[in-house]
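Each chain, written out:
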Amino acid sequence: MRYLTVDKNLIESRYFILACYALFFILTFLIFFYLSFPSESFKQRIIYEVETRTPFDLNIKDLNIHPILNLKFHDVELYRSKSLYLSIDDLSVSPSLFYLILKKVVLPFKAHLYGGDAKGRLIYSSETGQLIAANGDIRGINIKGIPMVSTVLRDGNSSIQGVVAGSFSVEFAPQPRGQVVLEAKNLSVKNLRLIEGLPLPDFGRLESSFKGHIENGMTKVEELRLKGSGIDLTIFGTMPLLWKISKQGAIDLDLRLRVSKGGRGMSSFLSAFLSPESDGSLKGKILGTFSNPRLVKETIGAR
């Protein structure tokens, strides 16, 4: 067996002794810093910065600081107009100081929320403090508990639940641009009314996919698809930026619906709202805003 040996001259060298002293003082400083750092004051500072620079109110139940500058938050809640916007069970952030030379603050993060996980990076300008980019991945998120989903549904009796995974990459400056890709499995829909006067039947065990990109101040939906037993719905068009949906921006969406032969009764009902096509599908447009959408019965033209 071979053992690691250290040259005797190195051990007796005054530089080696000085290096050991330096290492000792560094470790002592880090331990002292960790034990004495005022985490409560730091937490309040974070809350102040978020509430000053964003339209959100922030509540943090607990914050732990670990060497070296690894921040762990517990029970984080974001509020907008006094309504809960997002809830995070656990959030870990490790600021990267290297990017300061590029006038950026990079915050790699990992979060546990709504039964799933998210990880990625937030990039801020060190000069203005504004968020300039975000990217990451999500998996296992149950959309049932997300407050923003309830806002979009607008009806307290409506519900959508399922598990979502996907990725996002968005730049916010100088103009928003990026891409979002999502997939949902075991999706169930109950008491859903996309348009006033047009109730949709309840569906279960649906699979859904969303692919869109952000440009020119809007989200361009390349495809939003819901597919299950007896139904195949495809939507594409334009809608507000995903983080501005609650502001009720304009929507211009084309939809195409295919119903299986077993759903002829539903197809006959929907034909009063949508245009029947020669291939058996139904087509139409959704215009207006999220707060007041309207269905236009017309054949979709080429985009």
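Residues numbered from 1 in each chain as written. Predicted model: local features only at pLDDT ≥ 70, side-chain atom pairs only at ≥ 80, totals over all residues. Heavy atoms only, no water.

### A closer look at the overall build of the protein chain
Applied cut-off: Secondary structure elements are defined from DSSP: runs of H or I of at least 4 residues count as helices, runs of E of at least 2 residues count as strands, and each element is numbered from the N terminus. Only protein chains enter the calculation, and the probe is 1.4 Å; a residue is then buried if its accessible area is under 20% of its type maximum, exposed if over 50%, and partly exposed in between. Any two residues having at least one pair of non-hydrogen atoms within 4.5 Å are treated as being in contact.
Along the protein chain, the regular secondary structure elements total 5 helices and 17 strands. Residues classed as buried in the protein chain amount to 32% of the 303 residues present. Taking the contacts inside the protein chain whose residues are at least 6 apart along the sequence as the reference set, 40% of them involve residues at least 24 apart.

### Remarks on the packing of aromatic side chains
Which entries qualify depends on this criterion: Only Phe, Tyr and Trp rings take part, Trp by its six-membered ring, and two of them pair if their centres are within 6.5 Å. Stacked means planes under 30 degrees apart, edge-to-face means over 60, and tilted covers everything else.
Overall, the coordinates contain 1 aromatic pair when judged by the stated rule. Judged by centre distance (5.0 Å) and plane angle (50°), the rings of Phe-56 and Tyr-85 are tilted. Taken as a pair, Phe-56 in the loop between helix H3 (39-53) and strand E1 (57-66) and Tyr-85 in strand E3 (residues 83-93) lie far apart in primary sequence, 29 residues in all. The exposure classification of Phe-56 matches that of Tyr-85, with both residues buried.

### Examining unusual backbone geometry
Phi is positive for Asp-75, close to 55°, though the residue is something other than glycine. We classify Asp-75 as partly exposed; its relative accessible area is 35%. You will see that Tyr-114, though not glycine, has its phi angle at about 50°, which is positive. For Tyr-114, a relative accessible area of 17% puts it in the buried group.

### So, the pattern of salt bridges
Note on pairing: side chains with opposite charge can pair once their charged atoms come close. Condition: Salt bridge, as used here: a side-chain nitrogen of Lys or Arg that lies within 4 Å of a carboxyl oxygen of Asp or Glu.
Enumeration over the complete set of coordinates arrives at 8 salt bridges. As a salt-bridge pair, Asp-75 and Lys-61 come within 3.8 Å of each other at their nearest N and O atoms. With Asp-75 in strand E2 (residues 70-80) and Lys-61 in strand E1, this pair connects stretches of sequence that are 14 residues apart. Between Glu-215 and Lys-220 there is a salt bridge whose closest N-O contact spans 2.8 Å.

### Here's the deal with the pairing of strand E7 (residues 159-171)
Test applied: Each pair of strands is called paired provided DSSP finds at least two bridges between the two strands.
Taken together, the 8 bridges between strand E6 (residues 131-142) and E7 define a ladder with antiparallel strand orientation. Paired with Ala-133 across the bridge in E7 is Glu-171. In this sheet, strand E8 (residues 177-190) lies alongside E7 in antiparallel orientation, the contact comprising 12 bridges. Pairing of Phe-168 across the sheet is with Val-180, part of E8. Taking the residues between adjacent antiparallel strands as the criterion, E7 and E8 are bridged by 5 residues.

### Observations concerning the side chain of Ser-92
In plain terms, the rule: Polar contact is the term for a pair of N or O atoms within 3.5 Å; when the atoms are in protein, one must be able to donate a hydrogen and the other to accept it, and sequence-neighboring residues count only if both atoms are side-chain atoms.
If you trace the backbone, Ser-92 turns up in strand E3. Within the local environment of Ser-92, its side chain forms a polar contact with the side chain of Asn-70, the two groups lying 3.3 Å apart. Every residue in contact with Ser-92, bar those within four places of it in the chain, is listed here: Asn-70, Leu-71, Lys-72, Pro-108, Phe-109 and Lys-110.

### Quick notes on the pairing of E2
Bridging between E1 and E2 involves 9 bridges; their strand directions are antiparallel. The residue of E2 that forms the bridge with Asp-57 is Tyr-79. The sheet contact formed by E2 and E3 spans 9 bridges and is antiparallel. Its bridge partner being in E3, Arg-80 is matched across the sheet by Ser-83. Taking the residues that link successive antiparallel strands as the turn, the E2-E3 hairpin has 2 residues, and the phi of Ser-81 there is positive, at about 55°.

### What to know about the confidence of the model for the protein chain
Applicable threshold: The predictor attaches a confidence to each residue, and that confidence, scored 0 to 100, is pLDDT.
For the protein chain, mean pLDDT is 77; residues scoring 70 or higher make up 72% of the total. Looking across the protein chain, the model is least confident in helix H1 (residues 8-12), with a mean pLDDT of 47, and most confident in E6, with 92. Confidence over residues 32-36 falls short of pLDDT 50; this stretch has 3 contacts with residues more than four positions distant or in other chains.

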